[in-house]
Amino acid sequence: MNLIPLLLVIPLAWALISLLLPRLPLGPIAVLGMLVQLIASALLWRSVQLDGAARYAIGDWMAPLGITLVADGLTVTLLAMTALIAIICAVYALFYLRAHPHEKRYFWPLFWFLLAALNGIWLAGDLFNLYVGLELVTLAAVGMVTLSGKRNALAAGLRYLYAALLGSLGYLLGVALLYSAYGTLDMQQLSQLMENNWTTQAALLLMTLGLLVKTAIFPLHAWLPPAHGGALAPVSALLSALVVKSSFYILARLWLDAGSGLLPVAGAQLLGVLGASAIFYGGFKALQQKEIKMLVAYSTVAQLGYLMLVFPLATGTSPAAAMLAWQGGMLHLVAHAFAKAAMFLSVGTLVLAVGSKQISALAGISTRIPLSLFAFGLAGVSLMGLPPSGGFNAKWLMLQSAMTSGQWHWVIVLSLGSLLTATYIFKVFRVSFDQQAIDQGKGVVARAHWGLEVSALLLAAIAIGLGFAAALPIELLSLPQLENGALEGVSP
Amino acid sequence: MTSDLWFALMGVALIALAAFTFFRQVHLLRRILAFNIMGSGVFLVMVGMAQHQRETDPVPQALVLTGIVVAVSATALALIIFRRFYSVSGQVELDEYQIEEPTQNEDHASDTMKDNINSLQDALQSDDEAPAKPSASKGDQ
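Please read these numbers as outputs of a predicted model, since none were measured by experiment.

> Explain the overall build of chain B residue by residue, including any values.
A count of helices and strands for chain B gives five helices and zero strands. For chain B, the sequential pattern of α-helices and β-strands runs α-α-α-α-α. Summarising the internal contacts of chain B: among those between residues at least 6 apart in sequence, 53% fall at separations of at least 24.

Here you go:
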C-alpha cells in the first residue's frame, strides 16, 4: 500500500467526520486519528530513509495535467514533525478546550483541514498545488484565529486574511508567468528548464513577495503578532510552529531547489538583511511587550528571521558552505517549531493559572507551577541556541557555514540575535522568580491540569532532544540534494 | 497583437487598478471587492499569456477554475468574518493602532478570562461532566 496519499486521506477523512458528526467525542477521536497519522508518517519516513525519494501520481494522471506528490528527505522530516507537534497539540487542546465548548465545535474540523493542507504543501510536487495548499492553510488558520468570535480575534483574523490573500495573488501571478514561459509547473521539470531571464526573475520576484507576506518576514510581519498572540493557546502553537513554516518551505524550495543558481547574490544578501532586521526588530519588540503571549508572538517574528539567513549563506558560496546553510536552516525550522509550540502551550497554561495575560502577573509563580515554567525555559534554551538543543545545532551549522564562506557579518547577526533572545526570555524568568513576590505568597489562581503541563513539557523535551539526535534528520535532509544534485548549481 | 495578449494586458491593468484600491481604501468590503477584481486580473493573465502557441491549452483553464473556487471560498470567509466583526464592533474598517496594541479593553478581556478560568476549573473538577457553559466564552457579546 502506498503511504503518500494516505497522509492526505487521513486528515481529510477526520475533518469530514468532525464537521458532519459534531456530537461525537471529537477530541479523543482526533487524538486517535493523529496516532494513525503519526504511524503513517513514521513508516513513510523509514521507507524514504531506506529506499530514497518517492513520487506518486494521483489517479495515475501524469504531470502537467495530473497532480504529482513527492516525498523526499525534507518532506518526510516535515511530515513527521507536523504529525508529532499536531498530536501533542491535540492532547493539549483536549484538556484546554473543556473551558471553551463554543470553540470546540469548530476547532477540530479546522484542525484537521489545517493538517491536510500542511501535508499537501509538504508533499506537493508542483507550483499550483502549492498555491492551493497555501490557500487552504490560510483559510483554516484564519478560521482558527477567529474561533472565539470576539472583536479583537475577528480584527486579527481579518488582518491576517487580507495580508494572506494579497500574498497568494502575488504568488499566483508568478505561477502564471512561469507557466506561460515554460509550459509546466512541475518543480522537477522546472529546475531543468528555468533560464535566467527577465520573465523568470519577474515571476520569482512576485512569488517571493507573496511568500514573504505569508511568512511574516519583516517589514511585512504586522499581521502576525495580533493573530498569533490573540488566538487560543493550541491554535497559537500550531500557527507559529507550522503555518508560517509552510510558506517559507515553498520559498526555500523555489530558490534553492527548483530555481537553484537563479538567485542573484545581491538578492540573497537582501533577503538576509530582511532576516537580520526581523531578528533585531522582533527581539526588541518582544522585550517591550507587557503581555506574555505577545512576547512569544514577537519572538516568532524574530526567529523567522533566522530562516531567511539561509539564502545569503547558500547563494554564491562553496557547495560545502551551502550544504551547511541548508542543513542548519532546515534544522532551525524543525527545532523552532518544537520549541515555539512548547512555549505557546506552556504560556497558555501559565495564563490560565494566573488568570491574566500580563507578564507582571507571573510574579512569584516559580514555586507554584514549576513544570510549565520549566517547559518554557527548555523551549527558551533551544530558541536562544544554548547547547545542548536543536536550536544550538541549527545555529552552529549556520555559524559554520557563515565562517566557511567568510561572511562575517552574518556571524555577528547570529550571535547578537541569540543574546537578544536570551534577554527577553530572562525577562519572564526575572518576574517569575521574584523572591519578594514569592515571600508574599503571590501567584497562581487556578491549578493547571497535568495534561496541559505534560504536553508542553514533552514538546520542549523534543526540542532539546534534537540537540542529541540531530544527525538523523540532517542525514535525511541531505538525501534529495545528493541525489538530484539540486544544490550543486549554487556554487559560482 | 493577438487577442490573447490583449487578455493578458487587460489582466495587468485590472491588477494594477485593483491593487491601487486595495491599498488606498480602508473599508473592508471595498477591499474584498478589490481582491476579487485583482483575482480576475490574475486569471486573465493566466489564460491569456499561456495561449500564445495558437492552440487551446487545457491546463491554464483547469488552473483558473481551481483558482476561482479558491477565490470564492476566500471571499465567503472574508465576508462572514467581516459581518461578524461589523455586528460586534459596528466598524467597517480596522483600526491602525491595533497593530501594536491588540487588546485595548483590558478590563473587559480579563473579565472574560476569569470567566473562562472559572469554567475551566469547573470542567477540571468534574472530568466526565460536560462543562456546557457557552455563556462563558461568549461573554463579549
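> So what's going on with the layout of surface pockets? Which residues, and what values?
In this structure, the largest pocket spans a volume of roughly 1000 Å³. Listed by contribution, the elements that provide at least two residues to the lining of the largest pocket are helix 1 (3-20), helix 4 (101-123) and helix 5 (127-145) of chain A together with helix 3 (58-89) of chain B. For the lining of the largest pocket, the element with the most residues is helix 4 of chain A, which contributes nine residues. Across the lining of the largest pocket, the residue classes tally to 24 nonpolar, eight polar and one charged. Estimates place the volume of the second largest pocket at around 770 Å³. The wall of the second largest pocket is formed by 30 residues, among which Ala163, Leu166 and Val213 of chain A together with Phe22 and Phe23 of chain B lie closest to the centre. Contributing elements (two or more residues each) for the lining of the second largest pocket: helix 6 (151-182) and helix 8 (198-215) of chain A together with helix 1 (3-24) and helix 2 (28-50) of chain B. Tallied by class, the residues present in the lining of the second largest pocket amount to 22 nonpolar, five polar and three charged.

> Give me the lowdown on the packing of helix 15 (residues 370-384) of chain A against helix 19 (residues 450-465) of chain A, citing residues and values where you can.
Residues and elements named next belong to chain A. One way to put it is that helix 15 packs onto helix 19 with a least axis distance of 8 Å and a crossing angle of 25°. As summarised for this structure, helix 15 and helix 19 are arranged roughly parallel, according to the angle between their axes. Viewed along their axes, helix 15 and helix 19 form a crossing whose handedness is left-handed. Taking contact as the criterion, the partners of Leu371, Ser372, Phe374, Ala375, Leu378, Ala379, Val381 and Ser382 in helix 15 are, on helix 19, Glu453, Ala456, Leu457, Ala460, Ala463 and Ile464.

> Any chance you could break down empty space enclosed by the protein for me, citing the residues and the numbers?
Residue and element names in this part refer to chain A. For the structure on display, the rule yields four cavities of 30 Å³ or more. Roughly 50 Å³ of internal volume is contained in the second largest cavity. Looking at the second largest cavity, the residues that line it are Leu134, Val137, Thr138, Tyr160, Ala164, Lys214, Val243, Val244, Ser246 and Ser247. Those elements that place two or more of their residues in the lining of the second largest cavity are helix 5, helix 6 and helix 10 (233-258). Here the lining of the second largest cavity gets four residues from one element, more than from any other, and that element is helix 10. Grouping the constituent residues of the lining of the second largest cavity by class yields six nonpolar, three polar and one charged.

> Lay out the pairing of strand 2 (residues 68-71) of chain A with the relevant residues and their values.
Remember that side chains alternate between the two faces of the sheet whenever the strand is regular. Residue and element names in this part refer to chain A. The side-chain alternation of strand 2 yields two buried faces, one formed by Thr68 and Val70 and the other by Leu69 and Ala71. Where strand 1 (residues 54-57) meets strand 2, four bridges bridge the pair, whose relative direction is antiparallel. Counterpart to Ala57 in the pairing with strand 2 is Thr68.

> Tell me about a nonpolar patch on the surface, and please be specific about residues and values.
Residues and elements named next belong to chain A. Together, Leu12, Leu16, Ile17, Leu19, Leu20, Leu21, Leu24 and Phe113 give the surface a local cluster of nonpolar side chains, amounting to about 670 Å² of exposed area. Here the nonpolar patch takes five residues from helix 1, the largest share from any one element. By the element assignment, Leu12 lies in helix 1.

> With reference to specific residues and values, describe the packing of helix 15 of chain A against helix 16 (residues 390-404) of chain A.
Residue and element names in this part refer to chain A. The interhelical angle for the contact between helix 15 and helix 16, taken along N-to-C directions, is 5°, at an axis separation of 6 Å. In terms of axis orientation, helix 15 runs roughly parallel to helix 16. Across the interface between the two elements, Ser382, Leu383 and Met384 of helix 15 pack against Gly390, Gly391, Phe392 and Lys395 of helix 16. Here the residues of the contact of helix 15 with helix 16 sort into three nonpolar, three polar and one charged.

> Run through unusual backbone geometry, naming residues and quoting values.
All names here are of chain A. The residue after Phe218, namely Pro219, is reached through a cis peptide bond having omega 5°. Relative to the assigned elements, Pro219 resides in the loop between helix 8 and helix 9 (224-230). With an omega dihedral of -5°, the bond running from Pro387 to Pro388 counts as a cis peptide bond. Structurally, the position occupied by Pro388 is in the loop between helix 15 and helix 16. Phi is positive for Ala216, which is not a glycine, with a value near 60°. Look at Ala216 and you get buried, because its relative accessible area is 0%.

> Account for the pattern of salt bridges, with residues named and values stated.
All names here are of chain A. Per the stated rule, a full pass over the model turns up four salt bridges over all chains. Across the salt bridge formed by Asp72 and Arg253, the nearest N and O atoms sit 2.9 Å from each other. Of this pair, Asp72 sits in the loop between strand 2 and helix 3 (73-96) while Arg253 sits in helix 10, placing them 181 residues apart in sequence. Look at Asp72 and you get buried, because its relative accessible area is 6%. Take Arg253: its relative accessible area is 6%, and that puts it in the buried class. Linking Glu135 and Lys214 is a salt bridge whose minimum nitrogen-to-oxygen distance equals 3.7 Å.

> Account for the environment of Trp450 of chain A, with residues named and values stated.
Residue and element names in this part refer to chain A. Structurally, Trp450 can be placed in helix 19. According to the relative accessible area criterion, Trp450 is exposed, its value standing at 60%. In this structure, the C-alpha to C-alpha distance between Trp450 and Ser372, residues 78 residues apart in sequence, is 9.6 Å.

> Could you give an account of the packing of aromatic side chains, naming the residues involved and the relevant values?
Given two aromatic rings, one states the distance between the centres and the angle between the planes to describe the pair. Residue and element names in this part refer to chain A. Within the structure shown, the criterion is met by 19 aromatic pairs over all chains. Between the aromatic rings of Phe95 and Trp450, the centroid separation amounts to 5.9 Å while the plane-to-plane angle is 55°, which identifies the pairing as tilted. Placement of the pair is Phe95 in helix 3 and Trp450 in helix 19, with a sequence separation of 355 residues. The class of Phe95 is buried, set by a relative accessible area of 12%.

> So, the nonpolar core: which residues are in play, and what are the values?
All names here are of chain A. Counting residues in each nonpolar core, the largest one holds 224 residues, and the members touching the most others are Ile85, Phe111, Leu127, Tyr171 and Phe311. If one sorts the elements of this core by residue count, helix 14 (residues 319-354) sits on top with 22 residues. Taken domain by domain, this core gets at least three of its residues from each of domain 1 (1-259) and domain 2 (263-492). Those residues within four positions of Phe311 in sequence are excluded, and the remaining contacts are Phe248, Leu251, Ala252, Trp255, Leu256, Leu263, Ala268 and Leu271.

> Would you mind going over the environment of Gly282 of chain A in detail, with residue names and values included?
All names here are of chain A. Checked against the element boundaries, Gly282 lands in helix 11 (residues 265-288). Put simply, Gly282 and Leu295 are 13 residues apart on the chain and 9.2 Å apart in space, counted from C-alpha to C-alpha. The contacts of Gly282, once residues within four sequence positions are left out, are Ser277, Tyr298, Val301 and Ala302.

The rules we used
- Residues numbered from 1 in each chain as written.
- Chains lettered and ligands numbered in written order.
- Predicted model: local features only at pLDDT ≥ 70, side-chain atom pairs only at ≥ 80, totals over all residues.
- Heavy atoms only, no water.
- Helix = DSSP H or I, 4+ residues; strand = E, 2+ residues; numbered from the N terminus.
- Contact = heavy atoms within 4.5 Å.
- 1 Å grid on protein atoms, 1.4 Å probe; cavity = no way out; pocket = protein on both sides within 12 Å on 5 of 7 lines; lining within 4 Å.
- Points joined across faces, edges and corners; volume = space filled by probe spheres on them.
- Nonpolar A, V, L, I, M, F, W, Y, C, P; charged D, E, K, R; others polar.
- Axes fitted to C-alpha atoms, helices over the stretch in contact; angles between N-to-C directions.
- Parallel < 35°, antiparallel > 145°, perpendicular 65-115°, else oblique.
- Left-handed = near helix turned anticlockwise from the far one by under 90°.
- Buried < 20%, exposed > 50% of the residue type's maximum accessible area, 1.4 Å probe, protein only.
- Pairing = 2+ DSSP bridges.
- Patch = residues over 30% accessible without salt bridge, like charges linked within 9 Å, V, L, I, M, F, W, Y side chains within 5 Å.
- Areas by Shrake-Rupley, 256 points an atom, 1.4 Å probe, with all protein chains shown as cover.
- Salt bridge = Lys/Arg side-chain N within 4 Å of Asp/Glu carboxyl O.
- Phe/Tyr/Trp six-rings, centres within 6.5 Å; stacked < 30°, edge-to-face > 60°.
- Core = buried A, V, L, I, M, F, W, Y, C linked by side-chain atoms within 4.5 Å.
- Domains from an automatic or database assignment.

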